[in-house]
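Fold and contact review
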Protein chains: 2
Amino acid sequence: MKETSGKSLAGVKEIAKRANVSIATVDRVIHNRTGVSAKTKEKIQQIIDELGYQPNVLAQRLALTTRGTIRLATLLPNISDETEFWRAPLDGIRRAELEIRQYGIHVEHYFFDQNNRQSFARQVARIKKYKPDGLLFTPVFPEESKQLIKDSATANIPCVLINSDLPGFDNSCYIGPDIFHSGYLSAQLVSYCVKGNKPVLIANIAREIDNNYAILDKEHGFRTYFSDHKLANPLISFNTTQTDYTAVKSKLSKLFKKHEDIAAIFVTNSRVSVVARCLEDLGKKKVLLLGHDFTSENVHSLERGLIDFLICEKPEEQGYRGITTLFQNLVFSKEIEKTYLMPIDIITRHNYRYYRN
Amino acid sequence: MKETSGKSLAGVKEIAKRANVSIATVDRVIHNRTGVSAKTKEKIQQIIDELGYQPNVLAQRLALTTRGTIRLATLLPNISDETEFWRAPLDGIRRAELEIRQYGIHVEHYFFDQNNRQSFARQVARIKKYKPDGLLFTPVFPEESKQLIKDSATANIPCVLINSDLPGFDNSCYIGPDIFHSGYLSAQLVSYCVKGNKPVLIANIAREIDNNYAILDKEHGFRTYFSDHKLANPLISFNTTQTDYTAVKSKLSKLFKKHEDIAAIFVTNSRVSVVARCLEDLGKKKVLLLGHDFTSENVHSLERGLIDFLICEKPEEQGYRGITTLFQNLVFSKEIEKTYLMPIDIITRHNYRYYRN
DNA sequence: CTGAAAGCGCTTACAG
DNA sequence: CTGAAAGCGCTTACAG
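The residue numbers shown here count from 1 along each chain, following its written sequence. Each chain is given a letter, starting from A, and each ligand a number, starting from 1, according to the order in which they appear as written. Local features in a predicted model are, by the rule used here, given only for residues with pLDDT of at least 70; side-chain atom pairs are given and counted only at 80 or more, and totals for whole chains, interfaces and linings are based on all residues. Computation of side-chain values: all heavy atoms of the structure, hydrogens and water removed.

Chain A has the name LacI family transcriptional regulator in an unreviewed UniProt entry, where Sediminibacterium roseum is given as its organism.

And the structure:
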């Protein structure tokens, strides 16, 4: 007997014909709905298996068009010069929106001030009023975020976290990098490029550091590489909550006086272009500089040779995938993967042109 | 007046109603078909613009289901241990196939022996008999490939090239890396990691080298970086058409006797894991080793620390994108972009786990 | 130059 | 427990 060899052109109509039932009944079996006799169900299932039936996704979605709109909410930091990074995830979210609004998905955006816990809490309150069917956010403030996840679980609202995870908490879905290994990778690059045991600087430049899991874990990964490989380079932490150019420069300048031979600086977030400017002005162009994120300022410094490596984790795609994940779950009951780890990309001045966020 | 603010839920039906015509006429205007009076056309167009009408892609495709099948042909090297690289593009092609076969697209695969021009020509002849509606291939043999592109143009068959381009030839579409800059980037990595003016080896390991544009251009990019940056490292070309372990090892061994202090080896294709084994057996583990492609053997050597960097250009996505490009062109008359340059990814043992081809 | 109608493959009330 | 029919938004003969 000849194999149907993956042709599977057969649809519900064909199945119905073969089973001698109506397509409504076939539909019931396909979707495991109640109200079909065991016998009929079995017969239909057998034919489905035999035919290797694959639903036509197009038709499926089209038929669902009439269903009421599904409401999603996103909660991200607002975008300022200092937080330009957040433009990318938002772009991805918008791209997803355009693709799925045809299916009656509406996305409402909420923004908070990254340096202000209050503002986060305020937006959470607004979101709760909105009563979304799904939620995407980034857990900048651990306590508030944990509460939000719990409340979402209680309300039975699927929840996606992007960019950084909430460790020891698995009530939701995380889409973003393995932050520890991102730091670990940065250390590898430094160790490859720096010969000898010269000191290496780890620069944490953020208004909030102690609570910032993303920064702490990156530094931890970075340091772990050096200890794992028994490297003797002194690792100097440089923390500053004053993130403006002047403050960073004066602090750096002091550090350089103390440690003249600093060979490399790793900036644990996207503020690396500030350091680039400082190094240029301090005449320290030979210091290896690496940091995070494909912001326009960073790319500009990369282009000019002031930054050597940028580590990026496809923020645009994080946003895009976050929304489509919720969509698939809400519309097609597709199960949500617990974790989707993004690639950790290494960008230099010679491959950035081809990079896609 | 209130903005419709990108809602655009309106479809052909709504447009037809507002314009007082039938949906068939609206359809004609949307697709710029003939047989509509200038006046009607203008009126409809105005409403379309006003509403910011966006066609529902789902419905569009679904309605096209009945059209006869479209036949695509692919022509790629067959997959052996030595050419495992080609599995990835094929995987991508298969992934695309699964997605679009619902729209009546059929893909026929042809394979040739990378070391045998004859076999390429034979398959071209078979393809011509098949008379595909679209063609995807990789131009391993320049002369034959140019002829194939010309013939396709004559027959009005859209044509996509992947993995390497045919320079000075713009009758088709190229999806793949900027090879020159890929080599350039590799040189940057070497120059960052190698201190002093120690010699660097460029290893071309392939049955055919002189005609292999991908290899030649990569070496050219690599060398150009060193001259652009006035680096004094001696660059030694190491060409071998005997690609087996024993041959490579004995040749390498001789080279090392002549140049004991070789600091880095750049392998211009996926044969880098062979070199990795040689270095291990020759006790030359400290030499920086980089090369191309995410094959299982290469990844294994990367994991073990024998290879330092792998340069990859998303071969799976090249295949996938190649097929979907042809599909979009043939089904929706979407214009084909002349060139789509893939990212040039840098993979180390600490980020390969998160890489997606 | 224009329109009424059937159909793409699925889902969903509704009736029985 | 089961089926006939309408509808999702578009395209395509066909008739006029």
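Looking now at the packing of helix α11 (residues 272–281) of chain B against helix α12 (residues 296–303) of chain B. All names here are of chain B. Inter-axis angles, ranging from 0 to 180 degrees, are taken between N-to-C directions of lines fitted to C-alpha atoms, where helices are fitted over the stretch in contact. Each helix is a run of DSSP H or I of at least 4 residues and each strand a run of E of at least 2, with the numbering of both proceeding from the N terminus. Packing of α11 against α12 brings their axes to within 8 Å, and their N-to-C directions diverge by 40 degrees. Considering the angle they form, α11 stands oblique to α12. As for the relative orientation of α11 and α12, their crossing is left-handed in sense. Counting all contacts with α11, which are made through Val272, Ser273 and Ala276, the residues of α12 involved are Glu297, Asn298 and Ser301. Amino acids are sorted into nonpolar (Ala, Val, Leu, Ile, Met, Phe, Trp, Tyr, Cys and Pro), charged (Asp, Glu, Lys and Arg) and polar (every other residue, Gly among them). In terms of residue class, the contact of α11 with α12 is made up of two nonpolar, three polar and one charged. An angle below 35 degrees is read as roughly parallel, one above 145 as roughly antiparallel, one from 65 to 115 as roughly perpendicular, and any other as oblique. Helix crossings fall into two classes, left-handed where the near helix is turned counterclockwise from the far one by less than a right angle and right-handed where it is turned clockwise. The contact rule is simple, with two residues in contact once any of their heavy atoms fall within 4.5 Å.

Our focus in this paragraph is the relation of the copies chain B and chain A. Comparison of the two chain copies shows a relationship of rotation about an axis with a shift along it. For the least-squares superposition of copies, only C-alpha atoms count, and only for residues with pLDDT at least 70 in both. Turning chain B through 180 degrees and shifting it by 0.1 Å along the axis lays it on chain A, with an RMSD of 0.1 Å. A rotation of that kind, with that shift, is consistent with a two-fold axis. Of the interface residues in chain B, 100% have counterparts in chain A that sit at the interface too, so the contact is made through matching surfaces.

UniProt positions are given in the numbering used here, feature names are shortened, and annotations may be inferred rather than shown by experiment. Under the local residue numbering, the UniProt record ascribes the feature "domain: HTH lacI-type" (unreviewed entry) to residues 10–64 of chain A. Taken end to end, residues 10–64 of chain A is 69% helix and 0% strand, and its first and last C-alpha atoms sit 21 Å apart.

Time to look at the confidence of the model for chain A. In this model, chain A carries a mean pLDDT of 91, and residues with pLDDT of at least 70 account for 97%. Low confidence marks residues 1–7 of chain A, where pLDDT is under 50. Its contacts with residues over four positions away, or in another chain, come to two contacts. Per residue, pLDDT captures the predictor's confidence, and it can take any value from 0 to 100.

A few words now on the sheet that holds strand β4 (residues 159–162) of chain A. Remark on secondary structure: sheet strands pair via backbone hydrogen bonds, oriented parallel or antiparallel. Residues and elements named next belong to chain A. In space, the six strands of this open sheet follow the order β2-β1-β3-β4-β5-β11, with parallel pairing throughout. Two strands close off the open sheet at either side, each with one partner strand: β2 (105–112) and β11 (339–341). Each strand axis lies, on average, 15 degrees off the axis of its neighbour in the sheet, ignoring direction. The pairing of strand β3 (residues 134–137) with β4 spans three bridges and is parallel. Opposite Phe137, over in β4, you have Leu161 as the bridge partner. Its contacts with the sheet put helix α13 (residues 315–332) on β1 (70–77), β2, β3, β4, β5 (173–176) and β11, and the angle it makes with β3 is roughly 165 degrees. For two strands to pair, DSSP has to find at least two bridges joining them.

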